[in-house]
Amino acid sequence: MHDYTGPHDYFNKAYVNEWASVANSKRPFRLEFFDAFVSELAVLHNPKVLDVGSGPGFLAERVLGRCDVASYHLFDFSPHMLELSGARLRDFGERAVFHQGSFLDEGWWQSLPAPFDAIVSMQAIHEVRDSARIPKLYGELKLLLREGGIILLADEVNEGDRKEKHLLSLSEQEAALLGAGFEEFRRLCAAGDLVLFAARRCDSDSY
């Protein structure tokens with residue numbers, strides 16, 4: 001597994017439990033984003049959804065509770081995050097499917113049961129920790145989507161005076177997605193230090 005270089009100790013159970021206990025109180029606007037994800041997914045017919053960097057399952061719980069989802073696949077590299085999400089989503093039975101892996105690994109997507117109708121990610125893409133790697137990651141995510149499938153990403157972006165090397169600006173995010181084979185880029189909502197944006201896979205490349 002690729003060595004993670006970020007500031008979080010996601011392989012420390014106590015750290016992960018503490019992170020999960022304060023994530024939504026530290027950023028209470030995350031709840032607004034969960035509802036925005038639900039609004040986008042609720043119009044799809046019985047979709048198969050992949051959550052990249054799924055964390056403790058907060059977004060998954062909201063989507064599974066409010067949308068007619070055929071299956072919701074949670075992908076995370078932290079076994080402790082997956083343990084938390086497994087407990088949180090127990091009542092959803094086989095609709096919740098768990099995968100451990102890192103999107104920093106070469107060929108990471110190949111073990112996942114593509115194609116998906118939608119890919120979602122909540123505050124995880126920046127954990128690439130190298131903004132130059134993000135366009136490549138979007139190309140890999142496209143391989144997991146059916147033609148016309150949607151991608152919904154909420155993450156930190158460089159805006160105003162914020163210029164961090166591991167982040168992209170919103171216009172750079174748009175360029176990265178369009179360059180990877182997406183279209184119909186939309187900015188859905190913004191609050192605090194997060195922006196939710198969407199795009200649609202536009203080509204007919206084989207998986």
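Keep in mind that this is a model prediction, so the values were computed, not measured.

> Explain the overall build of the protein here, please?
Per the secondary structure count, the protein includes 6 helices and 7 strands. By its C-alpha atoms, the protein is 40 × 40 × 35 Å across when sized along the principal axes. A total of 207 residues make up the protein; the buried ones form 55% of that total. Relative to all contacts within the protein whose residues are 6 or more apart in sequence, the contacts with residues 24 or more apart total 70%. If you sum the accessible surface of the protein, you get close to 9,300 Å²; carbon and sulfur atoms cover 48% of it.

> Got a minute to help me understand helix α2 (residues 30-41) in this structure?
Helical periodicity: at 3.6 residues per turn, an α-helix aligns residues three or four positions apart in one direction. When the terminal C-alpha atoms of α2 are compared, their 17 Å separation across 12 residues agrees well with the 16 Å that a helix rising 1.5 Å per residue should span. Along α2, the positions that sit buried rather than exposed are R30, F33, F34, A36, F37, V38, E40 and L41. Residues of α2 that are buried sit in contact with α1 (13-26), α3 (58-66), β4 (116-122), β5 (145-155), β6 (182-191) and β7 (194-201).

> Would you explain the pairing of β6 in this entry?
For a regular strand, side chains alternate in direction, first toward one face of the sheet and then toward the other. Taken together, the 7 bridges between β6 and β7 define a ladder with antiparallel strand orientation. Among the inter-strand pairings, F182 is bridged to a residue of β7, identified as R201. Following β6, the chain reverses through 2 residues before pairing antiparallel with β7; G192 in that reversal takes a positive phi of roughly 60 degrees.

> How should I be thinking about the environment of R133 in this particular structure?
Relative to the helices and strands, R133 is located in the loop between β4 and α5 (134-144). When near neighbours in sequence (up to four residues on either side) are disregarded, R133 contacts F103, L104, D105, V128 and E140. Separated by 3.0 Å, the side chain of R133 and the backbone oxygen of F103 make a polar contact.

> Quick question: what am I supposed to make of unusual backbone geometry here?
Across residues other than glycine, the phi torsion is negative in most instances, and most of the peptide bonds are trans. Note that the residue after A114, namely P115, is joined by a cis bond; omega there is 5 degrees. Tracing the sequence through the fold places P115 in the loop between β3 (96-100) and β4. Positive phi, close to 65 degrees, is recorded for R129, a residue that is not glycine. Summarising the element assignment, R129 is placed in the loop between β4 and α5. The phi angle at E184 is positive, at roughly 55 degrees, despite the residue not being glycine. Tracing the backbone through its elements, the reader meets E184 in strand β6.

> Any chance you could explain the pattern of salt bridges here in plain terms?
Overall, the coordinates contain 14 salt bridges when judged by the stated rule. With its nearest N and O atoms 2.7 Å apart, the salt bridge here joins R146 to D117. With a gap of 29 residues between them, R146 in strand β5 and D117 in strand β4 connect regions that are remote in the sequence. Accessibility expressed as a relative area gives 30% for R146, which makes it partly exposed. Within the structure, one salt-bridge network assembled from shared partners comprises R27, E156, R162, E164 and D193.

> Just checking my understanding: could you explain the sheet that holds β5 for this structure?
Through backbone hydrogen bonds, the strands of a sheet pair up, either in parallel or in antiparallel fashion. Pairing is mixed across the open sheet formed by 7 strands, whose spatial order is β3-β2-β1-β4-β5-β7-β6. In the strand order of this sheet, the two ends are held by β3 and β6, each with one partner. Going across the sheet, the axis of each strand differs from the next one's by a mean of 15 degrees, ignoring polarity. Taken together, the 6 bridges between β5 and β7 define a ladder with antiparallel strand orientation. In the sheet register, I150 faces β7, and the bridge partner there is R200. Running over the sheet, helix α4 (residues 79-88) touches β2 (71-76) and β3 and is turned about 170 degrees from β3.

Cut-offs used in this document
Residues numbered from 1 in each chain as written. Predicted model: local features only at pLDDT ≥ 70, side-chain atom pairs only at ≥ 80, totals over all residues. Heavy atoms only, no water. Helix = DSSP H or I, 4+ residues; strand = E, 2+ residues; numbered from the N terminus. Buried < 20%, exposed > 50% of the residue type's maximum accessible area, 1.4 Å probe, protein only. Contact = heavy atoms within 4.5 Å. Areas by Shrake-Rupley, 256 points an atom, 1.4 Å probe, with all protein chains shown as cover. Expected span 1.5 Å × (residues − 1). Pairing = 2+ DSSP bridges. Polar contact = N/O pair within 3.5 Å; in protein donor to acceptor, adjacent residues only side chain to side chain. Salt bridge = Lys/Arg side-chain N within 4 Å of Asp/Glu carboxyl O. Axes fitted to C-alpha atoms, helices over the stretch in contact; angles between N-to-C directions.

Purely geometric stuff here, so don't read any function into it on its own.
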